[in-house]
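The residues making up each chain are set out below.
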Amino acid sequence: MQRIIVFAKRNMKEMLVNPLSYIFVLGFPVLMLILFAVINCVIRGSFASQAENLPIDQVAALESQIPVTFRMRNNAPSMAFFGLTFVMLIMTLLVSQDRSSAFLTRLFSSPLRAHEYIIGYMIPGLILCLAQMFICYAAGDVIGVIEGENIGGEPNSYNFGIAILSLLSQIPSAFLFVSLGLLCGTVLGEKSAPPLTSVLINVAGIFGGCYFPLEMLEGLAVFCKCMPFYPQVLLSRAIMNSEPLDFMNFGMYLMIVLAYAAVVSVFAVFAFSSKMKDGKK
């Protein structure tokens, strides 16, 4: 255990030294929250001006047309999920750079076993995921209060338990993206890994419904529900909106994300173990 802790500390220091950790992992999701909050305010202001000359019975119908994606209690979980993809990028860069610098080749001669290397990489990655999600949810609540809409419950009534539960529901996705980063960094080189990771970031953002409501495109929404991204976003949004957590919007979505996370983790462990055996030859 002591060897794992020492290796994990080294990896955490390498992540924190990288400025991308602050720019993309911690800063960019918060910037996106602010951007979507501004868009939401503009949309609400436009609808409010239209509602001034409408009968009361038509105002509610008009308000229902405001895109729910831009509401903070939906947007905060989406951006927290989106931020996890950048942790994948940091993990990919760390592992691929260790391989290109022959650091891992030299380290393979140490008494560390394959599972200890993998845990030593995953621990700092998961810590960074938790820190990113906490900052994102906290920033979303502050922005939501300023907007007059608190993300954790009714306006000006923050429900800390709901926010924490929504955050915890994204832990399977944290495992998924950390494992994807480990896998990409292991099988790809230092120059080829970042481009592929960038493609995965865009795929997760688009097919996760982080930018626009996928419900508007029924065929695409059905397809996206078979991938690990959109079910996670729907799950965390359902918790933030205190929707009934039955099997359809909780159990099934959670099972899909867990299944993908398990499969990717197995592939990552297998790939890293194979590289480790090749490095010892």
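Parameters at a glance
- Residues numbered from 1 in each chain as written.
- Predicted model: local features only at pLDDT ≥ 70, side-chain atom pairs only at ≥ 80, totals over all residues.
- Heavy atoms only, no water.
- Helix = DSSP H or I, 4+ residues; strand = E, 2+ residues; numbered from the N terminus.
- Buried < 20%, exposed > 50% of the residue type's maximum accessible area, 1.4 Å probe, protein only.
- Contact = heavy atoms within 4.5 Å.
- Areas by Shrake-Rupley, 256 points an atom, 1.4 Å probe, with all protein chains shown as cover.
- Expected span 1.5 Å × (residues − 1).
- pLDDT = per-residue confidence, 0-100.
- Polar contact = N/O pair within 3.5 Å; in protein donor to acceptor, adjacent residues only side chain to side chain.
- Salt bridge = Lys/Arg side-chain N within 4 Å of Asp/Glu carboxyl O.

Let's talk about the overall build of the chain
- In terms of regular secondary structure, the chain is built from 12 helices and zero strands.
- Reading the helices (α) and strands (β) of the chain from amino to carboxyl end gives α-α-α-α-α-α-α-α-α-α-α-α.
- Residues classed as buried in the chain amount to 49% of the 281 residues present.
- Across the chain, every contact between residues at least 6 apart in sequence was considered, and the portion connecting residues at least 24 apart equals 78%.
- Accessible surface computed for the chain: about 13,200 Å², of which carbon and sulfur atoms make up 71%.

What about helix α4 (residues 72-100)?
- Here α4 spans 42 Å end to end across 29 residues, near enough to the 42 Å set by a 1.5 Å rise per residue.
- α4 sits mainly inside the fold: 26 of its 29 residues count as buried.

Let's talk about the confidence of the model for the chain
- Residues of the chain with pLDDT of at least 70 account for 79%, and the chain-wide mean is 81.
- Ranking the elements of the chain by mean pLDDT puts helix α3 (residues 56-63) last, at 56, and helix α8 (residues 171-187) first, at 92.

Observations concerning the environment of Gly 208
- Mapping Gly 208 onto the fold places it in the loop between α9 (193-207) and α10 (218-224).
- Between the C-alpha atoms of Gly 208 and Pro 231, which are 23 residues apart in sequence, the distance is 7.7 Å.
- Residue contacts for Gly 208: discarding those within four places in its chain leaves Val 203, Leu 214, Phe 229, Tyr 230 and Val 233.

Quick word on the side chain of Gln 132
- Inspection of the secondary structure puts Gln 132 in helix α6 (residues 114-147).
- By relative accessible area, which is 1% here, Gln 132 ends up buried.
- A distance of 3.1 Å separates a polar atom in the side chain of Gln 132 from the backbone oxygen of Ala 80.
- Look past the residues within four positions of Gln 132 in its chain and what remains in contact with it is Val 25, Leu 26, Pro 29, Met 79, Ala 80, Gly 83 and Leu 84.

So, the pattern of salt bridges
- Counted by the stated rule, this structure contains two salt bridges.
- The residue Glu 116 makes a salt bridge to Arg 3 at a minimum N-O spacing of 3.1 Å. Here Arg 3 lies in helix α1 (residues 2-17) and Glu 116 lies in helix α6, a separation of 113 residues in the sequence.
- On the basis of relative accessible area, Glu 116 is assigned to the buried category, the value being 6%.
- Of the charged contacts in the structure, one is a salt bridge between Arg 10 and Asp 98, with a shortest N-O distance of 2.9 Å. Within this pair, whereas Arg 10 is found in helix α1, its partner Asp 98 is found in helix α4, the two being separated by 88 residues in sequence.
- Accessibility expressed as a relative area gives 4% for Asp 98, which makes it buried.

Remarks on the environment of Leu 94
- Tracing the chain through its elements places Leu 94 in helix α4.
- The spatial distance from the C-alpha of Leu 94 to the C-alpha of Glu 14 is 7.5 Å, given a sequence separation of 80 residues.
- The contacts of Leu 94, once residues within four sequence positions are left out, are Arg 10, Asn 11, Glu 14, Met 15 and Tyr 121.

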